[in-house]
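So you can see what is in the structure, the chains are spelled out below.
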Amino acid sequence: MEPSKEYLFKYKGFYFAAKNTSLEYVASLEDFEIKDSDIFLATYPKSGTVWTQNILSLIIHEGHRNGTENVATMDRIPWLEYKTGDVDYADLPLPRVFATHLPYYLVPRDLRNKRTCIIYVTRNPKDVMVSYYHFSKYISTLEEVPDFNDFMERFLAGKVLASSWLDHVEGWYSHAEDFNILFLTYEEMKKDLRSAVLKICNFLGRKLSEEELDSVVRQAAFENMRKDPRANYENLPDDMVAKDKGSFLRKGTVGDWKNIMTVAQSERFDKVLKEKMKTLPIKFIWDL
Ligand code: A3P
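Residues numbered from 1 in each chain as written. Predicted model: local features only at pLDDT ≥ 70, side-chain atom pairs only at ≥ 80, totals over all residues.

### Quick look at the site of the ligand
For the ligand, the set of nearby residues contains 19 residues, the closest of which are Thr49, Val50, Ser131, Arg250 and Gly252. Counted by class, the shell around the ligand contains 7 nonpolar, 7 polar and 5 charged residues. (Near = placed C-beta within 6 Å. Nonpolar A, V, L, I, M, F, W, Y, C, P; charged D, E, K, R; others polar.)

Here is the structure:
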């Protein structure tokens, strides 16, 4: 089944959300002007973007919020390709931090300057798919595909926002040398959040005190973040989300795919992706 044009449009082989951006705007991003201090968080959807976004916000802005305590993470770290409101990105305080689902080949050309820090987070693709399935019921700007099996076929065929999971991950990994990039996985963050936060700090050249580090780890823990209206995206407008059908922070676990995928579905999934996944330089953790 082809995705509905009401929800998705394609630019250079990549699907964008039609209700949140335009072809002209995404095409213009290749010329987007980069500042050396910029930081980019790149992910395939449902890989832990909002989580890492919050961690970056805590590392960079905590302690010197200067009256911006109530600014939501999504305003501090806006989406590059889904520009909302009238904020001029050129005027954001430095360092600017952007979140993006762009594939490596559509990012601003200047990102290949090898100085701008890019953090790329991956997650095991079965959990990504299951999270995505639930998310498409919750978020009104995505087409709901009620039947899980139908959703899986769309996911495997890359007929969803951000196209093929495998192409996205493989693209960023195989072009890593073009960028200044840190790879992280959702599962390593789950296993040892403190070490993951430290890794990010080292990459960004930020030194936090033990107390600051403890505070970031505490505030980024699932249960605390879920309660934090700045970080949990609960203030999205009613026409964007069906609040009775879920939330951005849903379960936050590793291995939830086992609760929904049948053995046959899991085998089908493995068959489609396994051969290709052999070339990825990461071992996925399917359960913790
Ligand atoms: P689940 O749907 O499996 O719960 P993204 O931000 O890229 O859309 O990813 C969303 C996924 O990250 C959701 O997964 C969400 O619950 C999870 N997530 C968000 N914050 C988290 C946190 N602090 N700890 C663990 N998982 C988190």
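After that view of the structure, there is still more to cover.
### Section: the pairing of strand 3 (residues 39-43)
With 5 of its 5 residues buried, strand 3 lies for the most part within the structure. Burial along strand 3 is two-sided: the face carrying Ile39, Leu41 and Thr43 and the face carrying Phe40 and Ala42 are both buried. In the sheet, strand 3 pairs with strand 4 (residues 97-100) via 4 bridges, with the strands oriented parallel. In the sheet register, Ile39 faces strand 4, and the bridge partner there is Val97. Where strand 3 meets strand 5 (residues 117-122), 5 bridges bridge the pair, whose relative direction is parallel. If you follow Leu41 over to strand 5, its bridge partner there is Ile119. (Buried ≥ 20, exposed ≤ 12 C-beta atoms within 10 Å, placed from the backbone. Helix = DSSP H or I, 4+ residues; strand = E, 2+ residues; numbered from the N terminus. Pairing = 2+ DSSP bridges.)

### Considering the environment of Thr73
If you trace the backbone, Thr73 turns up in helix 3 (residues 73-76). Classification of Thr73 by C-beta neighbours within 10 Å gives buried; the count is 23. The spacing of Thr73 and Tyr233 is 160 residues in sequence and 8.1 Å in space, taken between C-alpha atoms. If sequence neighbours within four positions are ignored, Thr73 has contacts with Gln53, Asn54, Ser57, Arg230 and Ala231. (Contact = placed C-beta atoms within 7 Å.)

### Concerning the packing of helix 8 (residues 193-204) against helix 9 (residues 210-220)
It is at 10 Å that the axes of helix 8 and helix 9 come closest, and there the two elements cross at 120 degrees. Of the possible angle classes, the one that applies to helix 8 and helix 9 is oblique. Note on packing geometry: the crossing formed by helix 8 with helix 9 is right-handed. For the pair helix 8 and helix 9, the contacting residues are Leu193, Arg194 and Val197 in the first and Leu213, Val216, Val217 and Ala220 in the second. Its residues assigned to classes, the contact of helix 8 with helix 9 shows 6 nonpolar, no polar and 1 charged. (Axes fitted to C-alpha atoms, helices over the stretch in contact; angles between N-to-C directions. Parallel < 35°, antiparallel > 145°, perpendicular 65-115°, else oblique. Left-handed = near helix turned anticlockwise from the far one by under 90°.)

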